[in-house]
Amino acid sequence: MIDSLVQFSDGVRGVAALRDGAAYRLKGATTTLELAHEALAAGSALARHAADRLGESIDLTSVQLLCPIDHPDAAHLLVSGTGLTHLGSAEGRDAMHRAAQANPDPTDSMKMFLMGVEGGKPANGEVGAQPEWFYKGDGAILAAPGAPLEMPAFALDGGEEPEIAGIYLIAPDGTPTRIGYALGNEFSDHVTERGNYLWLAHSKLRAAALGPELLLGELPADIRGTSTIWRDGQAAWQKPFVSGEANMSHSITNLEHHHFKYAGFRRPGDVHVHFFGTATLSFADGFVTQPGDRFEIAAAPFTLPVSNTLARAREVQVKVAAL
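Residues numbered from 1 in each chain as written. Predicted model: local features only at pLDDT ≥ 70, side-chain atom pairs only at ≥ 80, totals over all residues. Heavy atoms only, no water.

Caption draft 1: Structural context of helix 1 (residues 32–42). Regarding helix 1, the residues found buried are T32, L33, L35, A36 and A39. Projected down its long axis, helix 1 carries its buried residues within an arc of 160 degrees, all on one side. Of the exposed residues in helix 1, those oriented more than 90 degrees away from the buried face are A41 and A42. After helix 1 finishes, the residue G43 shows a positive phi value of roughly 70 degrees. (Buried < 20%, exposed > 50% of the residue type's maximum accessible area, 1.4 Å probe, protein only. Helix = DSSP H or I, 4+ residues; strand = E, 2+ residues; numbered from the N terminus. Arc of directions from axis to C-beta.)

Caption draft 2: Layout of a nonpolar patch on the surface. Residues L87, L114 and V117 make up a contiguous nonpolar surface patch of about 250 Å² in total accessible area. Mapped onto the elements of the fold, L114 is located in helix 4 (residues 108–119). By relative accessible area, which is 37% here, L114 ends up partly exposed. (Patch = residues over 30% accessible without salt bridge, like charges linked within 9 Å, V, L, I, M, F, W, Y side chains within 5 Å. Areas by Shrake-Rupley, 256 points an atom, 1.4 Å probe, with all protein chains shown as cover. Salt bridge = Lys/Arg side-chain N within 4 Å of Asp/Glu carboxyl O.)

Caption draft 3: A look at the packing of aromatic side chains. Using the criterion set out here, one finds five aromatic pairs in the structure. Arranged with centres 5.0 Å apart and planes meeting at 70 degrees, the rings of Y168 and F260 form a pair that is edge-to-face. Of this pair, Y168 sits in strand 10 (residues 162–170) while F260 sits in helix 7 (residues 252–260), and the two are 92 residues apart along the sequence. Its relative accessible area of 2% is what places Y168 among the buried residues. A relative accessible area of 8% means that F260 is categorised as buried. Site record: aromatic cluster; members linked through ring pairs are W133, Y262 and F265. Against the face of Y24 rests R19, its NZ or CZ located 5.4 Å from the ring centre. The ring centre of F134 lies 4.5 Å from the NZ or CZ of K204, which sits over that ring. (Phe/Tyr/Trp six-rings, centres within 6.5 Å; stacked < 30°, edge-to-face > 60°. Lys NZ or Arg CZ within 6 Å of the ring centre and 35° of its normal.)

Caption draft 4: Structural context of the pairing of strand 2 (residues 13–19). Extensive coverage of strand 2 is indicated by the burial of five of its seven residues. Here strand 1 (residues 4–9) runs beside strand 2; their pairing, made up of six bridges, is antiparallel. By the bridge assignment for strand 2, L5 is matched with A17. Linking two consecutive strands that pair antiparallel, namely strand 1 and strand 2, is a turn of three residues; a positive phi of about 105 degrees is found at G11 within it. Of the pairings in the sheet, the one linking strand 2 to strand 3 (residues 22–26) comprises four bridges and is antiparallel in character. Across the sheet, R19 pairs through a bridge with A22, a residue of strand 3. (Pairing = 2+ DSSP bridges.)

Caption draft 5: How the structure looks around the sheet that holds strand 9 (residues 149–151). Sheet architecture is open: five strands sit in the order 9-18-17-14-15, paired in mixed fashion. A strand with exactly one partner marks an edge of an open sheet, and here the two such strands are strand 9 and strand 15 (234–243). Adjacent strand axes in the sheet meet at a mean angle of 20 degrees when their direction is disregarded. Where strand 17 (residues 294–299) meets strand 18 (residues 306–312), four bridges bridge the pair, whose relative direction is antiparallel. The residue bridging F295 from the neighbouring strand is N308, located in strand 18. (Axes fitted to C-alpha atoms, helices over the stretch in contact; angles between N-to-C directions.)

Caption draft 6: Main features of the environment of E56. Position of E56 among the secondary structure elements: in strand 4 (residues 54–57). Along the primary structure E56 and A23 are separated by 33 residues, whereas in three dimensions their C-alpha atoms are 8.6 Å apart. Those residues in contact with E56 that lie beyond four places of it in its chain are A23, Y24 and R25. (Contact = heavy atoms within 4.5 Å.)

Caption draft 7: Examining the pattern of salt bridges more closely. What the rule picks out here adds up to 14 salt bridges. Of the charged contacts, one joins D270 and R267 as a salt bridge, the two residues approaching to 2.8 Å between their closest N and O atoms. Taking the relative accessible area as the measure of exposure, D270 reaches 5% and is therefore buried. We classify R267 as partly exposed; its relative accessible area is 42%. Three or more residues are tied together by salt bridges with common partners; here these are K136, E161, E186 and K204.

Function cannot be inferred from these measures alone, as they are strictly geometric.
Quick look at the structure:
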């Protein structure tokens, strides 16, 4: 059985399937999206559809790895996410927001987290508590494997967030169809968010990165990985992180329901990358990132890490014109 798919370029775009630690070029396949459309039309599981195209083996170190999903029109790929979904994820957020107020009552973040703990994993057929939700951008914000991860010139911080993202294709009849999962770095401006929790939306309008792999099949309930920040060849900060439903206050099904319940997110042909949240941030430990730092996020069953170097974009003066 195929474990995952990888998009690459060796002068020509292609898709490779990973199986038992080896990679195989898929015959006649140029993008993951095309494969997903074909599998959907054929009524076949994506892994089985890809298995029918297995070709020669390929050395992934000799090619350029691409994002595991993209769209020829970036405006039709939506990147979004949800926070306060992991057990322990409220601690850092609560401390961040409590510092900005003298009131000892629970912060809105803690209230939101507790709603998930109490009602984020509903019984089958029932709807659970709705989580926090945020928008990050369209497909243009996704940094390719190894590419710089840019924070805007006006950003106060560029901080990593090791997360799992669900990857979805909206079927012709409007049905959201999960085609796989990716390991990612959701990436936020935590200093801006700390200033006022109502600036969360601003802090999330940033780039994001995905690892090269589109993991097929079910996501393991218990995922354990390591998030590392490399500086001058040394691990300047490192910490284990966990994900998967065993470590979450919400079920993935509940997170998916509260995203796709909106009709605007069920437009046929669109692709969605939806981050599921995290509980581990270097910012919560007081670590200050700087341009040149390299973020590396690794976790089984993904065999390839997310790896990107922090950069600051050049300043752009924006002036609104009037017609």
